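Structural description and commentary
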Amino acid sequence: MSDAANLEQFRTDAKAFLDANASLRPEESFVWGEGSDRVGVLDEKTAEQEAAELRAAKEWKAKEFDAGFGWLTGPEHLGGRALTAEHTRAYTAVRSDYSVPNQTAFGIGLGMVAPTILAHAIPEVAERYLRDLYRGDIVACQLFSEPIAGSDLAGIQTRAIRDGDEWILTGQKVWTSGAQYSDIGEIITRTSPDKPKHKGLTMFLVDMHAPGVEVRPLRQMTGGASFNEVFFEEVRVPDSHRLGDVDEGWTVALTTLMNERAAIGGGGAGVGTMSLNRFVEMARHYGVADDPLVRQRLADAYVRINVARYTNLRGMATIRAGQLPGPEMSIGKLALTRTMQEVGQMLGEILGPRMIADSGEWGTFAWSEFLCGVPGMRVAGGTDEIMKNVIGERVLGLPKEPKIRT
Ligand SMILES: Cc1cc2nc3c(=O)[nH]c(=O)nc-3n(C[C@H](O)[C@H](O)[C@H](O)COP(=O)(O)OP(=O)(O)OC[C@H]3O[C@@H](n4cnc5c(N)ncnc54)[C@H](O)[C@@H]3O)c2cc1C
């Protein structure tokens, strides 16, 4: 069968699976004042809503995996189908026509942790976790940031000390999204405090249910609690669960961070809320659609959203071609968060005080949740300033930041 015929047959099979297991997404027609006016960036759910969503997400993921659509590009011996990135694109396109349960809970595990396991775990560990991750049986989180180490990730202090075939982990992580429902975590630790900071780090996979792991939720200013502090008190991790070599954790972290920027810049969070249709209808509703300044802002938002999207697609194409992306991911992420800020400014100009006092009017105060979530997007996955540093050094060829010796 030719490649094209093979792909066509694949699309037909995917459609048959989705027809039998999901319903077609209703045609999207945005009408001002109808339906939900929620436009949040971060998750704002109660514990009960979160548990119900997770259950539905896992049921769907298992069904999708069992039908052969869970991990298309993965190696067959690990549960994948060894198909091409083209197949993933085709499946994503077909699936976008259907309503399926929200899959956000798997974003970090499948978007960042699983590719790192595939690249750096020993075969037994890859076998033990990857199939379960892609089937949605387990969920993974990313345990990188600490109270004194975020942008300066290599400054982390969580210690891992070797004890025979095990390591003993002690320390604190913070801002860990989804730790409250995760089964495993990718954790970066310091193994050689005497070496220069980038050289003494080692990465592990840790069991989030192990004795000594404590997850404490952090409440966001938008009301929800989608991330946490995680404390490790002498937690034992088998040496087999090390990702990469001892003291080579920085290289492993880069694999994860690259995928993180791709996920955020690609519109993982918040972008869906920035629908131009919604803005245009709002401008019409408040009688400012003919105002040249508002029109200019709308056109600007449209251009920026698409520039961020296409820049990110360029980076993703590089990854799919088996190469390391350049600074596209940083440009895409910065373009996205700047657009979110600009959109916030535009909303303020159109809605004025309606956005800060809840009068019950549809589509007005609801935007405050978006505004309060934007700073989080400007920080998560590398702050705006760090993205600018990357662009300054790698695109514009400006001198590197002076190294601070520690
Ligand atoms: C929504 C959200 C989800 C997150 N999820 C996770 C997660 O799942 N796992 C995880 O490990 N972490 C997570 N984080 C943490 C995130 O990675 C860090 O917040 C981020 O890396 C910034 O680190 P910091 O908060 O310590 O800020 P800092 O690094 O202390 O930065 C403070 C300020 O200083 C600026 N700054 C710092 N260094 C420089 C420099 N060299 N040049 C110029 N300016 C600089 C920054 O831009 C910022 O404005 C999440 C954060 C958010 C907001």
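Just so we're clear, the structure is a prediction, and the values are computed from it rather than from any experiment.

What follows deals with the overall build of the protein chain. Regarding its fold elements, the protein chain presents eleven helices and ten strands. Since a compact globule built from 406 residues should have a radius of gyration of about 22 Å, the 22 Å found for the protein chain is in line with a globular shape. Along the first, second and third principal axes, the C-alpha set of the protein chain runs to 70 × 55 × 45 Å. Split into buried and exposed, the 406 residues of the protein chain put 46% on the buried side. Here the analysis covers contacts within the protein chain between residues at least 6 apart in sequence; of these, 73% occur between residues at least 24 apart. Accessible surface computed for the protein chain: about 20500 Å², of which carbon and sulfur atoms make up 53%. Seen as two clouds, the 44 positive and the 55 negative side-chain charges of the protein chain have centres 4 Å apart.

As a further point, take the nonpolar core. Across soluble globular proteins, you tend to see nonpolar side chains buried next to one another. One finds Ile117, Leu130, Leu133, Ile184, Ile188 and Leu205 to be the most contacted residues of the largest nonpolar core, which totals 38 residues. Elements represented by at least two residues in this core include exactly helix H2 (47–66), helix H4 (107–120), helix H5 (123–134), strand E6 (184–190), strand E7 (201–207) and helix H6 (249–265). Apart from the residues lying within four places of it in its own chain, the contact partners of Ile184 are Ile117, Tyr129, Leu133, Ile138, Val139, Ala140, Cys141, Leu205, Val206 and Met208. If you look at the next biggest cluster of nonpolar residues, it comprises 24 residues, including Phe279, Ala366, Trp367 and Val374.

A separate point is the environment of Ile188. By the secondary structure assignment, Ile188 is in strand E6. Not counting chain neighbours up to four residues away, the residues in contact with Ile188 comprise Leu143, Phe144, Glu146, Leu153, Ile156, Thr158, Lys173, Leu201, Thr202, Met203, Gly249 and Ala253.

Attention shifts here to the site of the ligand. Around the ligand, the structure places 19 residues, and the nearest of them are Ser145, Ser151, Trp175, Thr383 and Glu385. In the environment of the ligand, a nitrogen atom lies 2.7 Å from a nitrogen or oxygen atom belonging to the backbone of Gln142. Taking Ser177, its side chain carries an N or O atom lying 2.8 Å from a nitrogen atom of the ligand. Class assignment of the residues belonging to the shell around the ligand gives a composition of eight nonpolar, nine polar and two charged.

Now for the environment of Gly155. Following the sequence through the fold, Gly155 ends up in the loop between strand E3 (140–143) and strand E4 (159–163). Along the backbone, Gly155 and Val280 are 125 residues apart, and their C-alpha atoms lie at a distance of 46 Å. Ignoring any residue separated from it by four or fewer positions in sequence, one finds Gly155 in contact with Ile148, Ala149, Arg190 and Lys197.

Further remarks concern the packing of aromatic side chains. Evaluated as defined, the whole model comprises eleven aromatic pairs. On the numbers, 6.2 Å between centres and 80 degrees between planes, the contact of Trp32 with Tyr286 is edge-to-face. Within this pair, whereas Trp32 is found in the loop between strand E1 (23–24) and H2, its partner Tyr286 is found in the loop between helix H7 (276–285) and helix H8 (292–320), the two being separated by 254 residues in sequence. When the ring of Trp32 is compared with that of Trp362, the centres are 5.1 Å apart and the planes differ by 75 degrees; the resulting orientation is edge-to-face. A residue pair is termed long-range when its members are at least 10 positions apart, and Trp32 in the loop between E1 and H2 and Trp362 in the loop between helix H9 (328–351) and helix H10 (367–379) qualify at 330 residues. Put simply, the rings of Phe10, Phe17, Trp60, Phe69 and Tyr91 touch in pairs and so form one group of aromatic residues. Taking NZ or CZ as reference, Arg216 lies 4.1 Å from the ring centre of Phe231, over its face.

Within this structure, the stated rule accounts for 25 salt bridges. Asp247 is paired through a salt bridge with Lys195; the nearest N and O atoms lie 2.7 Å apart. Taken together, the residues Asp247 in the loop between strand E10 (242–243) and H6 and Lys195 in the loop between E6 and E7 connect sequence positions 52 residues apart. Take Asp247: its relative accessible area is 9%, and that puts it in the buried class. Through salt bridges with shared partners, a single ionic network connects Lys61, Glu64 and Arg95.

Cut-offs used in this document
- Residues numbered from 1 in each chain as written.
- Predicted model: local features only at pLDDT ≥ 70, side-chain atom pairs only at ≥ 80, totals over all residues.
- Heavy atoms only, no water.
- Helix = DSSP H or I, 4+ residues; strand = E, 2+ residues; numbered from the N terminus.
- Rg over C-alpha atoms; globule rule 2.2 N^0.38 Å.
- Buried < 20%, exposed > 50% of the residue type's maximum accessible area, 1.4 Å probe, protein only.
- Contact = heavy atoms within 4.5 Å.
- Areas by Shrake-Rupley, 256 points an atom, 1.4 Å probe, with all protein chains shown as cover.
- Lys, Arg positive; Asp, Glu negative; His and termini not counted.
- Charge placed at Lys NZ, Arg CZ, Asp CG, Glu CD.
- Core = buried A, V, L, I, M, F, W, Y, C linked by side-chain atoms within 4.5 Å.
- Near = heavy atom within 4 Å.
- Polar contact = N/O pair within 3.5 Å; in protein donor to acceptor, adjacent residues only side chain to side chain.
- Nonpolar A, V, L, I, M, F, W, Y, C, P; charged D, E, K, R; others polar.
- Phe/Tyr/Trp six-rings, centres within 6.5 Å; stacked < 30°, edge-to-face > 60°.
- Lys NZ or Arg CZ within 6 Å of the ring centre and 35° of its normal.
- Salt bridge = Lys/Arg side-chain N within 4 Å of Asp/Glu carboxyl O.

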